[in-house]
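Residue-level structure breakdown
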There are 2 protein chains.
Amino acid sequence: MSIRFPSVAFATLGVAVACQPAAESPDQQRARLEAESDSARVAIEALNARFTGFFNAGQTDSVVSLYTSTATVMPPAMPAVTGADSIRGVFATMGSMMPKGSTLALRAQSVVANGPIAVERGSWTMTIPAEAGAPTESHGKYVVMWRKVDGEWRIEEDIWNEDTPPPDTAGQ
Amino acid sequence: MSIRFPSVAFATLGVAVACQPAAESPDQQRARLEAESDSARVAIEALNARFTGFFNAGQTDSVVSLYTSTATVMPPAMPAVTGADSIRGVFATMGSMMPKGSTLALRAQSVVANGPIAVERGSWTMTIPAEAGAPTESHGKYVVMWRKVDGEWRIEEDIWNEDTPPPDTAGQ
């Protein structure tokens, strides 16, 4: 029986060495987060293209399909809403308030991902067609928390605001 | 030498079993994220109390000390700013625009953490003293991405907006 002891010791040593990756060093964690963030950014930029495509076509149900079922949307000048029906209502209201032919563009500026969570920070531009002459633009920024659900990134939290006071106050 | 083989097999088995946590199951990941989020929420609520204490006392440098050195702050009606000097400028501007005796309160509604990243969603209330009668309140929501730096949670991204249109437009 005594020959068992060294093998147990060896097994323990083996476990200690092989499990090292489970306790990441700060450098290893940084490298992993960078790789995960780069990969998430590619996926999120593709989803943003789908989002603006749907939004600009007035396809509200398709916009809503990019959110999780428990998502919270936090528009400026309106209370926060949670859940698909309320989110659909927000986008329907926004669609009805926007001049016809307005187009939204999104630009991701930073994506930080760790496992099933990603945080995107970016800027948005809304281009509003003019009756005559050049279109006008409004600009702002946003933060979106994405969550991976069944292998797909979906929006869990979405907040944005404008870079300038609303035209009603700025123009007076 | 042949008695070594069983010990190697035993060591391999030991590694396979002991390293299981490195490849988390979805349930294990959910449980870990919940535990980390609960723990982060306690720390973040304590930091929010410090934040509002500093903010309401006009201690701008102390407010800025709660942000990382590369943080981005995204106030409504102003462009996004990055870095301590610019963030100090934003809070100095806000302080000069707020009526004397105004107080900010923050309420965390959700904290999602994974390792060194935490996302807080919450609501804010600004109470503005009236010349006579009851004070007025404005309300809004915010999302903050926190990052653990040298063991301390610090704000890396901060965005907020209001629940109602600004008084200049709403009151006319």
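Residues numbered from 1 in each chain as written. Chains lettered and ligands numbered in written order. Predicted model: local features only at pLDDT ≥ 70, side-chain atom pairs only at ≥ 80, totals over all residues. Heavy atoms only, no water.

Let's talk about the overall build of chain A
The helix and strand tally for chain A stands at five helices and six strands. Helices and strands appear in chain A in the N-to-C order α-α-α-β-β-α-β-β-β-β-α. Put simply, chain A has 172 residues, and 39% of those count as buried. A fraction of 50% describes how many contacts in chain A between residues 6 or more apart in sequence connect residues 24 or more apart. (Helix = DSSP H or I, 4+ residues; strand = E, 2+ residues; numbered from the N terminus. Buried < 20%, exposed > 50% of the residue type's maximum accessible area, 1.4 Å probe, protein only. Contact = heavy atoms within 4.5 Å.)

Remarks on helix 2 (residues 26–56) of chain A
Since there are 3.6 residues in each turn of an α-helix, residues three or four apart along the chain are aligned in direction. With 31 residues, helix 2 of chain A extends 43 Å between its outermost C-alpha atoms, agreeing within 8% with the 45 Å of an ideal straight helix rising 1.5 Å per residue. The first or second residue beyond helix 2 of chain A is Gly58(A), which carries a positive phi of 70°. (Expected span 1.5 Å × (residues − 1).)

A short note on unusual backbone geometry
Where the residue is not glycine, phi is negative for most of them; where a peptide bond is considered, it is trans in most cases. Although it is not a glycine, Asp150(A) adopts a positive phi angle of roughly 50°. Mapped onto the elements of the fold, Asp150(A) is located in the loop between strand 5 (136–149) and strand 6 (152–162).

Examining the packing of aromatic side chains
Residues and elements named next belong to chain A. Within the structure shown, the criterion is met by 10 aromatic pairs over all chains. Between Phe51 and Phe55, the ring centres sit 6.3 Å apart and the planes meet at 10°, which makes this aromatic pair stacked. On the criterion of helical spacing, the pair formed by Phe51 and Phe55 is a turn pair, its members being four residues apart in helix 2. What makes Phe55 buried here is its relative accessible area of 10%. Each residue in the set Phe51, Phe55, Tyr67 and Phe91 is aromatic and connected to the rest through ring pairs, giving one cluster. (Phe/Tyr/Trp six-rings, centres within 6.5 Å; stacked < 30°, edge-to-face > 60°.)

Observations concerning the layout of surface pockets
If you add up the space inside the second largest pocket, you get close to 510 Å³. Contributing to the lining of the second largest pocket are 19 residues, with Pro116(A), Arg147(A), Lys148(A), Gln29(B) and Leu33(B) lying nearest its centre. The element best represented in the lining of the second largest pocket is helix 2 (residues 26–56) of chain B, accounting for seven residues. Grouping the amino acids of the lining of the second largest pocket by side-chain chemistry returns nine nonpolar, four polar and six charged. (1 Å grid on protein atoms, 1.4 Å probe; cavity = no way out; pocket = protein on both sides within 12 Å on 5 of 7 lines; lining within 4 Å. Points joined across faces, edges and corners; volume = space filled by probe spheres on them. Nonpolar A, V, L, I, M, F, W, Y, C, P; charged D, E, K, R; others polar.)

Digging into the pairing of strand 6 of chain A
Residue and element names in this part refer to chain A. Most of strand 6 is tucked away, with nine of its 11 residues classed as buried. In this structure, strand 1 (residues 67–74) lies alongside strand 6, joined through four bridges in parallel fashion. Counted as the bridge partner of Val73 is Asp158 from strand 6. Where strand 5 folds back on strand 6, the antiparallel hairpin that results is connected by two residues, among which Asp150 adopts a positive phi of roughly 50°. (Pairing = 2+ DSSP bridges.)

Topic: the sheet that holds strand 4 (residues 117–128) of chain A
With mixed pairing, six strands are arranged side by side in an open sheet as 2-1-6-5-4-3 (chain A). Two strands close off the open sheet at either side, each with one partner strand: strand 2 (81–82) and strand 3 (103–114) of chain A.

Here we look at the side chain of Asn114(B)
Relative to the elements of secondary structure, Asn114(B) occurs in strand 3 (residues 103–114). Here Asn114(B) falls in the buried class, since its relative accessible area comes to 4%. In terms of polar contacts, Asn114(B) uses its side chain to reach the side chain of Arg32(B), at 2.8 Å. Apart from the residues within four sequence positions on either side, Asn114(B) is in contact with Asn114(A), Gly115(A), Pro116(A), Arg32(B), Leu33(B) and Glu36(B). (Polar contact = N/O pair within 3.5 Å; in protein donor to acceptor, adjacent residues only side chain to side chain.)

Looking at the sheet that holds strand 6 (residues 152–162) of chain B
In a beta sheet, neighbouring strands are held together by backbone hydrogen bonds and run either parallel or antiparallel to one another. Residue and element names in this part refer to chain B. With mixed pairing, the six strands of this open sheet are ordered in space as 2-1-6-5-4-3. Strands at the two margins of the open sheet, each flanked by one partner only, are strand 2 (81–82) and strand 3. The sheet contact formed by strand 4 (residues 117–128) and strand 5 (residues 136–149) spans 12 bridges and is antiparallel. Looking at the pairing, Ile128 lines up with Thr136 of strand 5.

Comments concerning the nonpolar core
If you look at soluble globular proteins, the nonpolar side chains tend to sit buried side by side. Among the nonpolar cores identified, the biggest contains 31 residues, and Phe51(B), Phe55(B), Tyr67(B), Ile87(B), Phe91(B), Ala118(B) and Trp146(B) are the most heavily contacted of them. At the level of elements, helix 2, helix 3 (60–64), strand 1 (67–74), helix 4 (84–97), strand 3, strand 4, strand 5 and strand 6 of chain B are the ones that each hand at least two residues to this core. Per-element tally for this core: the top contributor is helix 2 of chain B, with six residues. Those residues in contact with Tyr67(B) that sit more than four places away from it in its chain are Phe51(B), Val73(B), Ile87(B), Phe91(B), Arg154(B), Ile155(B) and Asp158(B). Of all hydrophobic cores here, the second largest spans 30 residues; its members include Val63(A), Val64(A), Val81(A) and Ala118(A). (Core = buried A, V, L, I, M, F, W, Y, C linked by side-chain atoms within 4.5 Å.)

Some words on the pattern of salt bridges
All told, the structure shown has 18 salt bridges over all chains when counted by the stated rule. The shortest N-O distance in the salt bridge between Asp27(B) and Arg30(B) comes to 2.7 Å. Taken as a pair, Asp27(B) and Arg30(B) lie in helix 2 at a separation of three residues, close to a single helical turn. Close ionic contact of Asp85(B) with Arg88(B) constitutes a salt bridge, the shortest N to O distance being 3.0 Å. Taken as a pair, Asp85(B) and Arg88(B) lie in helix 4 at a separation of three residues, close to a single helical turn. Owing to a relative accessible area of 30%, Arg88(B) belongs among the partly exposed residues under this scheme. Where salt bridges share partners, they join Glu24(A), Arg32(A) and Glu36(A) into one cluster. (Salt bridge = Lys/Arg side-chain N within 4 Å of Asp/Glu carboxyl O.)

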